[in-house]
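# A closer look at the structure
The primary structure of each chain is shown beneath.
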Amino acid sequence: MPADAISAKFDVRRWDAVAGGAPRYQRYELELAPHTPILSALLRIRDEVDPSLTLRYSCRSAICGSCAMQINSKSRLACETQVGPEMDRHGRIVVEPMRNQPVLRDLVVDQSPFWTQYDRIEPHLKLDPAHPMPEGRPTSMTPEQVERFKETPRCIACAACYSACPAVEADAAFPGPMALAKLYRFVVDPRDHATQDRLVRIQPNGLWLCLRCHLCTEACPKDVRPSERIRDLKEMAIAVQGGTERGSRHAIGFKENIEDRGLLSEAKLVRQTYGAAGMIGQLPQGLRIWRKKPEVLHKPRRIEGADELDRIYEALDRESEGAP
Amino acid sequence: MLKHEVVVVGAGLAGQRAALAAREAGRDVAIVSKLHPLRSHSGAAQGGINAALGAEDSVDTHIYDTVKGSDYLGDQDAIEFFCREAGPTVVEMEHFGTVFSRSPDGSLARRAFGGAGFPRTIYAADRTGLALLQGLWERLGIEQFTLYNEWDLMRLVVRDGRVQGLVVFDRIHGIFEEIAAKSVVLATGPAGRIYGRTTNAHTCTGDGIAVAYDAGAFVKDMEFVQFHPTALLESSILITEGARGEGGILKNATGERFMTRYAPHVLELASRDVVSRAIVTEVAEGRGFSGPYGGYVHLELMHLGREKIESRLQEICDFSRHFAGIDPVREPIPVYPAQHYMMGGIGTNIRGATNLAGVFAAGEAACVSIHGANRLGGNSLLETLVFGQQAGKAAAEYAAGAPATQLRAADLEAVETPLRAWSSRPDGEDPARLRTEMQQTMERYAGIYRNEADLFEGLKRIRALRARFERIRVVDASKVYNLNLTDAVEVGHMLELAEIIFVGAYARTESRGAHARTDFPKRDDAKWMRHTMAEKGPEGPRLSYTPVAFTRWEPKERVY
Amino acid sequence: MKLAYYPGCVAQESGRELDMATRWVCRALEIELVEFPSFSCCGSGFVDEANEVLNLAINSRNLAIAERAGLDLLTICSTCQGMLTLANVRRRDPAVRARVDAALKPIGIEYRDSVHVKHLLRVLTEDVGLDAIRSRVRRPLAGLRVGAFYGCHLLRPADEMGWESGEEPHAFEDLLGAIGATPVDYRGRVLCCGFPIQFVKPDTASRIAGRQILDAKSHGAHAMATPCPLCHISLDAYQNQAERAVQQPLDMPIFHLPQVVGLALGATPEELGLARHLVPTEPALARIGSSSL
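Residues numbered from 1 in each chain as written. Chains lettered and ligands numbered in written order. Predicted model: local features only at pLDDT ≥ 70, side-chain atom pairs only at ≥ 80, totals over all residues. Heavy atoms only, no water.

## A short note on the sheet that holds strand β3 (residues 73–75) of chain C
Residue and element names in this part refer to chain C. The four strands lie next to each other as β2-β1-β3-β4, forming an open sheet whose pairing is parallel. Because the sheet does not close on itself, it has two edges, and the strands there are β2 (32–35) and β4 (117–119). Ignoring which end each strand starts from, the neighbouring axes of this sheet average 45° apart. Two elements, strand β1 (residues 2–6) and β2, share four bridges in a ladder whose sense is parallel. If you follow Ala4 over to β2, its bridge partner there is Val34. Relative to the sheet, helix α5 (residues 78–89) contacts β1, β3 and β4, its axis offset from that of β4 by approximately 160°. (Pairing = 2+ DSSP bridges. Helix = DSSP H or I, 4+ residues; strand = E, 2+ residues; numbered from the N terminus. Axes fitted to C-alpha atoms, helices over the stretch in contact; angles between N-to-C directions. Contact = heavy atoms within 4.5 Å.)

If you want it as structure tokens, here you go:
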């Protein structure tokens with residue numbers, strides 16, 4: 001035992017779907033070096049203290065994606081999270097199963113919701129019979145084309161992002177960060193010939209439910225940055241299809257809304273997103289707010305230099321028109 | 001009872017490729033895997049996959065390098081086939097969707113690897129295994145097949161001269177099942193966890209090899225265990241050979257680049273067995289560093305510069321930072337050899353067939369043999385795909401011509417009854433304890449350097465552990481994901497394989513490739529140019545020997 | 001201290017109480033606010049969805065305006081803070097920078113990366129300092145248990161926002177402690193308020209808002225406080241819908257950050273515009289000075 005060993009306290013959530021009953025938190029205490037991975041600590045508990053504690057694990061080097069769990073409420077790989085910083089910050093280490101997937105036992109969850117969403121994006125290359133793969137040789141792809149994948153090929157499907165996602169938690173229809181990052185990987189793949197179709201089909205109950213809260217990007221152990229790739233997909237989806245969904249209409253509407261005067265006109269935005277007819281449904285809530293905050297119906301002032309804004313819009317619209 | 005034409009056990013690259021081949025042949029296919037296919041240990045392979053695609057390179061050079069690397073124990077007919085398939089295999093994986101690293105001209109980028117005459121290793125940064133695993137799983141996803149996810153292989157039922165099916169354990173529900181199968185492909189990977197220091201995942205417990213051996217299969221060349229020279233100290237996490245391929249160098253505590261003394265021509269890129277022995281020798285002779293986790297040497301990357309390190313060796317940057325608190329851009333990485341690969345496995349021919357009719361094997365669980373006494377870096381990923389495909393095709397053909405198979409209730413009971421006894425004992429042996437003692441025994445007595453006395457003592461100890469295993473006890477009573485039970489099963493498998501390693505190593509009185517006997521330091525072609533075949537007997541493994549296949553290359557002394 | 005004041009759109013219209021409270025607090029703490037009628041909307045994350053470079057360009061214009069005056073920028077909205085910071089951070093990519101600069105050049109704007117973008121929460125906890133605030137407290141919020149609700153864009157992505165931990169921040173709780181309130185620890189404090197999809201799928205948005213309020217409430221919060229007026233809309237103006245989504249009454253007063261600080265520094269409810277809230281704040285105000293938990 002190294003000289004800098006600390007006394008680590010683990011509170012591990014225990015539950016068994018067959019045995020039922022109420023979950024309980026079991027306390028384990030171990031003397032450990034601060035850099036000890038939490039997975040190593042849990043395996044020591046299994047080997048030396050309590051063989052009934054159960055969890056998924058395999059590679060212990062953050063490449064198999066098995067050991068994602070909640071560590072002091074953060075979705076993390078246990079193998080990559082060290083004991084010391086958690087003890088420093090919280091005085092104990094609360095270990096719980098991932099969220100958004102039913103618990104089977106202790107730290108093991110049923111991952112079928114996660115895999116179902118993965119399947120939804122049809123995660124395989126879609127080829128065009130008119131453009132077959134080159135016979136007997138690899139496709140040509142430049143390093144710049146590989147760059148466009150960003151970090152998405154690093155995804156290890158650990159589901160930490162899925163566990164951390166509040167949109168998944170509130171709405172099971174949402175594909176979740178991993179599936180969308182995977183979709184991005186196919187959308188930018190020069191070998192794939194279904195880009196447009198993919199971008200159209202992922203919009204209803206898909207892309208536009210992302211809250212851009214970036215919790216997935218914090219949770220991701222491989223720096224895939226799903227929230228940023230979802231943003232990329234949104235922009236591409238608008239480029240392909242324009243404002244056919246409430247989400248895309250809202251984004252486009254917002255962009256156009258502020259071009260006008262430089263500041264947001266709240267009432268106009270509602271009209272842009274819902275359309276004139278759809279606004280009727282918003283009336284009761286609008287009235288409630290208006291009574292306390294009559295400015296919701298104000299037209300904002302026009303900022304000084306609003307023409308500068310116009311010209312920025314023009315320059316970048318021109319640029320995007322010129323883009324491939 | 002469940003029933004399929006072809007059942008593939010294990011869903012890493014070999015298993016998935018076999019399943020795809022069997023599907024392409026039109027068979028009804030099921031995959032049984034104790035972990036989700038994308039979590040397979042294939043995904044941990046970092047460095048790359050060999051294929052002689054460069055203009056200056058040739059298939060013949062790849063063959064020669066592999067033959068020489070094997071220390072002339074590889075079967076040359078198999079190696080020739082293997083190397084010829086390399087190009088088409090890599091191209092196919094590219095077409096499946098694998099995202100490889102590229103050269104500026106749009107071709108597949110290549111890097112230098114140990115023991116290779118040319119930069120021949122195609123890669124995807126330093127996560128080639130993951131890239132291939134994703135590409136293949138995505139391609140396989142188009143096919144119809146049944147996945148029995150998180151099911152453990154317990155027993156292979158061989159009767160009337162052929163396979164009838166298998167008995168499996170569903171971890172999630174805690175129940176045993178029978179699956180009737182006309183043919184079975186075992187692609188369950190290695191048994192690296194027999195050792196304490198290993199780069200292998202915790203799940204690499206040799207289940208398929210042990211189960212096949214129990215069913216009467218020959219297990220081949222198990223004494224040849226590869227130690228990777230550069231595993232991260234303490235955790236033994238792999239630091240890819242690609243790190244040396246990119247220009248990383250090894251230094252001892254005196255600051256000397258010691259490989260100049262062991263392999264003056266190719267230095268750090270000598271064959272793995274050579275570099276591993278050099279490091280062990282440096283530490284043993286007092287020129288290594290020492291600390292609470294034992295002796296070690298330094299792997300230096302600093303001179304490569306931040307940009308190269310962070311772009312081409314991204315994962316190992318993360319490993320070093322997260323698991324050792326070391327920033328390879330600024331400081332050397334502490335490394336020491338660790339068990340990495342098993343050249344041996346279930347004996348097969350080029351088509352993956354074993355001595356049991358209807359039973360096929362591929363990948364690290366199998367031994368064709370193309371790696372002989374020592375595997376070259378970049379050849380294992382290729383092996384999984386080339387021979388996975390062969391085994392899948394052969395299994396499909398066999399299944400197409402095979403009559404219906406039959407399992408009996410007694411087949412399941414033969415598995416379940418003793419296991420129930422494990423759980424009902426009031427006291428007995430703890431699986432974790434037996435595992436620890438086994439790992440210590442392997443480290444101490446069957447490591448990089450071996451001798452008669454050690455091997456004799458180690459075998460004695462493993463047999464004592466096997467005797468204790470008869471009284472194994474499972475204390476966890478849960479039906480759900482009972483790791484205490486699967487641990488016990490896995491320890492049983494590993495102890496069986498440990499015994500085979502000792503028996504084979506004890507008998508082989510020479511040094512060849514990864515098998516280094518200090519009491520027999522020379523290669524002895526006259527006596528030992530042959531494969532060890534182990535068969536289960538009442539008193540333990542019965543050894544016999546088969547000749548090595550030669551085509552064009554005469555054995556020479558191996559110098560790097 | 002003198003800062004370029006970037007109020008954002010909402011505080012200039014339906015969220016005027018936030019502007020009122022900010023001005024009151026800054027006056028009390030001798031922070032001079034310099035106004036620029038040329039500041040535009042930050043795009044609120046929606047422009048970023050439609051056109052990333054456009055979003056960076058309009059915010060680079062905002063930053064350039066502050067730069068010309070030689071001032072750092074004060075924001076009072078988590079989303080404004082996020083978008084303006086992104087404009088600083090994403091410029092580190094030379095390709096992005098070139099496109100942004102090309103769009104600004106024709107209007108004679110050049111941004112030279114010198115402006116620090118600081119949210120009021122950071123100015124209060126770091127520049128003014130907790131000790132200085134503690135010394136000016138005239139009415140400690142003793143007895144009031146407050147759930148801080150950060151707003152995503154203030155924190156994340158943490159490596160780009162470059163301030164607090166993305167998942168375990170503590171600045172707001174530290175501040176609440178300094179003004180005598182009792183911060184409530186609950187998971188929802190760093191989660192989303194639902195606002196970004198309020199227009200896309202209102203039921204889901206309301207469920208998200210409702211869960212966070214419920215979480216704070218179940219941990220004993222008497223009130224919540226947020227540094228983001230968009231979160232305030234979700235949590236306050238739409239709380240009735242959140243109640244419907246979680247099928248129970250919430251009755252959770254929601255304060256803007258400078259309102260809780262202002263109360264402690266001695267401002268009246270009128271000066272802080274508390275009457276403009278949809279959920280009455282009186283039950284929370286009544287607790288101040290009581291020691292009941």
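There's plenty left to go through after this.
## As for the interface of chain A and chain C
Between chain A and chain C, the residue contacts involve 66 residues of the former and 69 residues of the latter. Both sides of the chain A and chain C interface together cover about 6,400 Å² of buried area, and 56% of this is carbon and sulfur. Arg89(A) is the salt-bridge partner of Glu168(C), the closest N and O atoms lying 2.3 Å from each other. For the side of chain A that touches chain C, the elements supplying multiple residues, two or more each, are β4 (74–77), α2 (83–90), α6 (166–170), α9 (215–219), α10 (226–241), α11 (246–261), α12 (266–292) and α13 (306–322) of chain A. Of the residues forming the side of chain A that touches chain C, the biggest block, nine residues, is contributed by α12(A). Here the residues of the side of chain A that touches chain C are counted per class, giving 27 nonpolar, twelve polar and 27 charged. (Buried area = accessible area lost by both parts, 1.4 Å probe. Salt bridge = Lys/Arg side-chain N within 4 Å of Asp/Glu carboxyl O. Nonpolar A, V, L, I, M, F, W, Y, C, P; charged D, E, K, R; others polar.)

## Comments concerning helix α2 (residues 59–69) of chain B
When α2(B) is considered as a whole, its buried residues turn out to be His62(B), Ile63(B), Asp65(B), Thr66(B), Val67(B), Lys68(B) and Gly69(B). Looking at the buried positions of α2(B), the neighbouring elements they touch are β3 (49–50), α3 (76–96) and α11 (379–401) of chain B. (Buried < 20%, exposed > 50% of the residue type's maximum accessible area, 1.4 Å probe, protein only.)

## Digging into unusual backbone geometry
Of note, the bond from Val368(B) into Ser369(B) is cis; its omega dihedral lies within 30 degrees of zero at 15°. Position of Ser369(B) relative to the elements: it lies in the loop between β17 (366–367) and α11. Of note, the bond from Arg156(C) into Pro157(C) is cis; its omega dihedral lies within 30 degrees of zero at -5°. When you line up the elements, Pro157(C) lands in the loop between α8 (152–155) and α9 (158–161). Phi is positive for Glu234(B), which is not a glycine, with a value near 75°. Within the secondary structure, Glu234(B) sits in the loop between β11 (225–232) and α6 (242–245). Taking the relative accessible area as the measure of exposure, Glu234(B) reaches 41% and is therefore partly exposed. Here Asp113(C), not a glycine, exhibits a phi torsion of approximately 65°, which is positive. Following the sequence through the fold, Asp113(C) ends up in the loop between α6 (94–104) and β4. A relative accessible area of 34% places Asp113(C) in the partly exposed class.

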